[in-house]
Amino acid sequence: MSSSERSDSRAAPLPVVTAAVPRRQWLHDLLKAAGLRFDDPAEERRFVDSYVRSQIGWTQAAMLLGALTYAGYTFWDWMLYPEVVPITLAIRGGTAVLVLLPLTLLLGAVRRWAETILLLYCVIPGCVLPSVYLVLPSGFTYASAGMIIVILFVSTMLPLRIGSLLVFCVTTWLAFAFAERLAPEMSPGLGFINHFLIGNSYLLSLYAIGAREHRARRQFATTEALQRETARSEASLRELRATQAHLVQAEKLAALGQLVAGIGHEVSTPIGLALTTSTAMQADVRGLTRALDGGAVRRSDLTRGIGRLDEGLQMTQQNLLRASEMIHAFKQVAVDQANEQREGFELRGWLSASFDKLRPLLSRRGLTVELNVPEGITLISRPGALGQVLGILAFNAAIHAYPGDAEGVLHVEAARIAPDRVRITLADDGVGIPADLAERIFEPFFTTKRDGGSIGLGLHIAFNLVASTLGGTIELIGRERGAAFQIDLPTTSPS
């Protein structure tokens, strides 16, 4: 044989293989179009696991009931034809004991082959049943009723898919037809009636199983889609929370940066004056040194030089003391805002001290603070969180309420509204907040100054601190001019 002939002989089977693929694809497409097949193999496996193998215990209970029913029809044989009971009992009971019960037990042990086990459980007794009618004196007179009972059980009690049920229908129908040909001569029309009834039962069961499987597949697809969307939403939510936490931290750092800038500006003035004064004193000291080195020094010159040095030292000390107080105040603000521990404090004194620390930065923006707080209101709360809230509201008013170089006044009031409740109100006399924006001011990332560097988390942070950390409420209240924020707090914050 030449090499070309050997090549042709090896290539000959290829058309058979390639022809089988379209046929399988045609069947797959048909089932898919009917809604009885998923295009994704992994999704198909998950559906089979859910549809066939999800409730093995209930399926085994149904199989046990089917085995008992199958063997129990021997009682009917005994009532009609006692003489053939030993044979029918051997057929029915033997099938139940040797096939149905072992398959029931096997289903719980080998779930991977659940669908194959269920198919054998249905096919074997369905093919054996026609042999009973060969033994009964009545023959196939009541055969259709017995076959319909089996079909009814299979289609209602067991989780078979449409393909498995079709295999059951074909094999049992062929077995019934084969047994019928072995039977003695039957009355005219009996065979037609039996096949008509059994065939009709097959069609009804196929439709019922197909519809049930179609609904189950749609429900499974919906559940899968919901799970995917839930997972995607949870991932997006985690990412959003991480981003929000990052931006919240950035907002805190930005606020701290503003405070540092304000304190730096205010501190630079006294330190600059102290430096200028010390330079002048250094020049005076050098002049006195040269005069003393020259020999003759007048008393008036010495007195005047010492006076200038004393005045310079006083000015230097005052400016350095002022700078030291500002730096201490700045450190105290940072410590207070980082402090999340509960402690008791008197509200009026604490508010006065808190706004004294913020006054340098607020004054740079032309905002003065007026306090109207009675004495004797004591809170057991978290001053760090409360200070951060008041700072956010004050800076928010300074930035948004007074456009350009406008100046204004921030009114801070406090009052006891119940034995265990305190209300703090911060109101400005600026441009106010439009009604269409008032409902959104506490939303995260909402701002009207995004082009100015704001990211819209200040009031959102304040809202969360008041609600979660301080255990109170904050809201924007109506005002003829400007904007007012009302904070209601318990006198003892939650632990």
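Predicted model only: the values in this text are computed from it and were never measured.

> Go over a nonpolar patch on the surface, please, and point to the residues and values.
Where nonpolar side chains cluster on the molecular surface, the patch consists of Leu64, Leu68, Val97, Leu98 and Leu101 and spans about 480 Å² of accessible area. Mapped by element, the contributors of at least two residues to the nonpolar patch are helix H4 (56–72) and helix H6 (85–109). Ranked by the residues each element gives to the nonpolar patch, the list is headed by H6, at three residues. Structurally, Leu98 is set in helix H6.

> Run through helix H15 (residues 458–469), naming residues and quoting values.
With twelve residues, H15 extends 16 Å from end C-alpha to end C-alpha; this agrees with the ideal 16 Å at 1.5 Å per step. Along H15, the residues classified as buried are Gly458, Leu459, His460, Ile461, Ala462, Leu465, Val466 and Thr469. Backbone geometry just after H15 places Gly471 at a positive phi near 70°.

> Just give me the short version of the UniProt feature "transmembrane region" (unreviewed entry) in the protein, but keep the residues and values in it.
Mapped onto this numbering, the UniProt entry annotates "transmembrane region" (unreviewed entry) at residues 56–75, 87–110, 117–136, 142–158 and 189–209. With 95% helix and 0% strand, residues 117–136 has end C-alpha atoms that lie 30 Å from one another. The distance separating the terminal C-alpha atoms of residues 189–209 is 30 Å; by composition the span is 95% helix and 0% strand.

> Give me the nonpolar core: which residues, what numbers.
Counting 51 residues, the largest nonpolar core has Tyr121, Val154, Leu158, Leu165 and Phe168 as its most contacted members. Those elements that place two or more of their residues in this core are helix H3 (41–51), H4, H6, helix H7 (114–135), helix H8 (143–157), helix H9 (162–182) and helix H10 (190–294). Among the elements that make up this core, the one with the highest residue count is H7 (ten residues).

> Go over the packing of aromatic side chains, please, and point to the residues and values.
In this structure the tally under the stated criterion is 13 aromatic pairs. Ring geometry for Phe140 versus Phe176: centroids 5.5 Å apart, planes at 85°, classification edge-to-face. Linking Phe140 in the loop between H7 and H8 with Phe176 in helix H9, this pair joins segments that are 36 residues apart in sequence. Here Phe140 and Phe176 have matching classes, each one buried. Feature note: the residues Phe47, Tyr51 and Phe220 constitute an aromatic cluster, connected by ring pairs.

> Requested: an account of the pairing of strand S7 (residues 484–490), with residues and values cited.
In terms of residue burial, S7 counts as a mostly covered element, since seven of its seven residues are buried. Because side chains alternate across S7, one face comprises the buried residues Ala484, Gln486, Asp488 and Pro490, and the other comprises Phe485, Ile487 and Leu489, equally buried. With seven bridges connecting them, strand S5 (residues 421–428) and S7 associate as antiparallel partners. Within S7, the residue paired with Ala427 across the bridge is Ala484.

> How would you sum up the pattern of salt bridges? Please name residues and give values.
Applying the stated criterion across every chain yields a total of ten salt bridges. Where Arg92 meets Asp77, a salt bridge forms, and the shortest distance between an N and an O atom there is 3.1 Å. Here Asp77 lies in helix H5 (residues 74–80) and Arg92 lies in helix H6, a separation of 15 residues in the sequence. Across this residue pair, the class does not change: Arg92 and Asp77 are buried. For Arg232, the salt bridge goes to Glu229, with nearest N and O atoms at 2.4 Å. Taken together, the positions of Arg232 and Glu229, both in helix H10 and three residues apart, correspond to about one turn of that helix. Under the relative-accessibility criterion, Glu229 is labelled partly exposed at 43%. What you see here is one network of salt bridges that share partners, running through Glu44, Glu115, Arg161, Glu213 and Arg217.

> Outline the sheet that holds S7, supporting the account with residue identities and numerical values.
An order of S2-S4-S5-S7-S6 is seen for the five strands of this open sheet, with the pairing classed as mixed. Each edge of the sheet is formed by a strand with only one pairing partner; in this case those strands are strand S2 (367–372) and strand S6 (473–477). Sheet twist, expressed as the average angle between the axes of neighbouring strands with direction ignored, equals 20°. Bridge count for S6 against S7 is five bridges, and the pairing is antiparallel. For Glu475, the partnering residue across the bridge sits in S7 and is Gln486. Relative to S2, helix H12 (residues 347–364) is tilted by about 170°, and along the sheet it contacts S2, strand S4 (408–418) and S5.

> Got a sec to walk through the side chain of Thr74? Specific residues and values, please.
If you trace the backbone, Thr74 turns up in helix H5. Each residue touching Thr74, except ones within four places of it in the same chain, is listed here: Val85, Thr88, Leu89 and Arg92.

> So what's going on with helix H13 (residues 383–400)? Residues and values would help.
Note on helix geometry: an α-helix contains 3.6 residues per turn, so any two residues three or four positions apart are oriented the same way. In this model, H13 (18 residues) spans 25 Å end to end at C-alpha, consistent with the 26 Å of a helix rising 1.5 Å per residue. Here H13 lies mainly inside the structure; 16 of its 18 residues are buried.

> Any chance you could break down the environment of Arg218 for me, citing the residues and the numbers?
Along the polypeptide, Arg218 turns up in helix H10. Using a relative accessible area of 57% as the deciding quantity, one classes Arg218 as exposed. Note: C-alpha distance between Arg218 and Leu36 (182 residues apart in sequence) is 9.4 Å.

> Kindly report on the environment of Asp356, identifying the contributing residues and their values.
Mapped onto the elements of the fold, Asp356 is located in helix H12. Each C-alpha atom of the pair Asp356 and Val369 lies 9.0 Å from the other, and the pair is 13 residues apart in sequence.

> Please set out the packing of H7 against H8 residue by residue, giving values where relevant.
At a closest axis distance of 10 Å, the pairing of H7 and H8 adopts a crossing angle of 170°. As summarised for this structure, H7 and H8 are arranged roughly antiparallel, according to the angle between their axes. Contacts from Tyr121, Cys122, Gly126, Leu129, Pro130 and Tyr133 in H7 reach Ala143, Gly146, Met147, Val150, Phe153 and Val154 in H8. For the contact of H7 with H8, the per-class residue count stands at ten nonpolar, two polar and no charged.

Reading the values: rules and limits
- Positions within a chain are numbered from 1, following the residues in the order the chain's sequence is written.
- Only residues with pLDDT of at least 70 get local features here, since the model is predicted, and only at 80 or more are side-chain atom pairs given and counted; chain-wide, interface and lining totals rely on the full set of residues.
- Hydrogens are left out, water is left out, and the side-chain values use all remaining heavy atoms of the structure.
- For patches, a residue must show more than 30% relative accessible area and have no salt bridge; joins then use 9 Å for like charges and 5 Å for nonpolar side chains, namely Val, Leu, Ile, Met, Phe, Trp and Tyr.
- The method behind every accessible area is Shrake-Rupley, applied with a 1.4 Å probe, and residues are considered shielded solely by the protein chains displayed.
- A pair is scored as a salt bridge if a Lys or Arg side-chain nitrogen falls within 4 Å of a carboxyl oxygen belonging to Asp or Glu.
- Put simply, DSSP H or I for four residues or longer makes a helix, DSSP E for two residues or longer makes a strand, and each gets a number counted from the N terminus.
- For a helix, the expected span equals 1.5 Å multiplied by the residue count minus one.
- Relative accessible area decides the class of each residue, using a 1.4 Å probe on protein chains only: under 20% of the type maximum gives buried, over 50% gives exposed, and in between gives partly exposed.
- UniProt positions are given in the numbering used here, feature names are shortened, and annotations may be inferred rather than shown by experiment.
- By nonpolar core is meant a set of buried Ala, Val, Leu, Ile, Met, Phe, Trp, Tyr and Cys residues that side-chain atoms within 4.5 Å join together.
- Aromatic contacts are taken between Phe, Tyr and Trp rings whose centres are within 6.5 Å, Trp giving its six-membered ring; a plane angle under 30 degrees counts as stacked, one over 60 as edge-to-face, and the others as tilted.
- DSSP calls a pair of strands paired once it identifies at least 2 bridges connecting them.
- Orientation is described by lines fitted to C-alpha atoms, with helices fitted over the stretch in contact, and by angles between N-to-C directions that extend from 0 to 180 degrees.
- Contacts are assigned to residue pairs that have any heavy atoms within 4.5 Å of one another.
- Roughly parallel means an angle under 35 degrees; roughly antiparallel, over 145; roughly perpendicular, 65 to 115; everything else is oblique.
- Any residue outside Ala, Val, Leu, Ile, Met, Phe, Trp, Tyr, Cys, Pro, Asp, Glu, Lys and Arg is labelled polar, Gly included; the first ten of those are nonpolar and the last four are charged.

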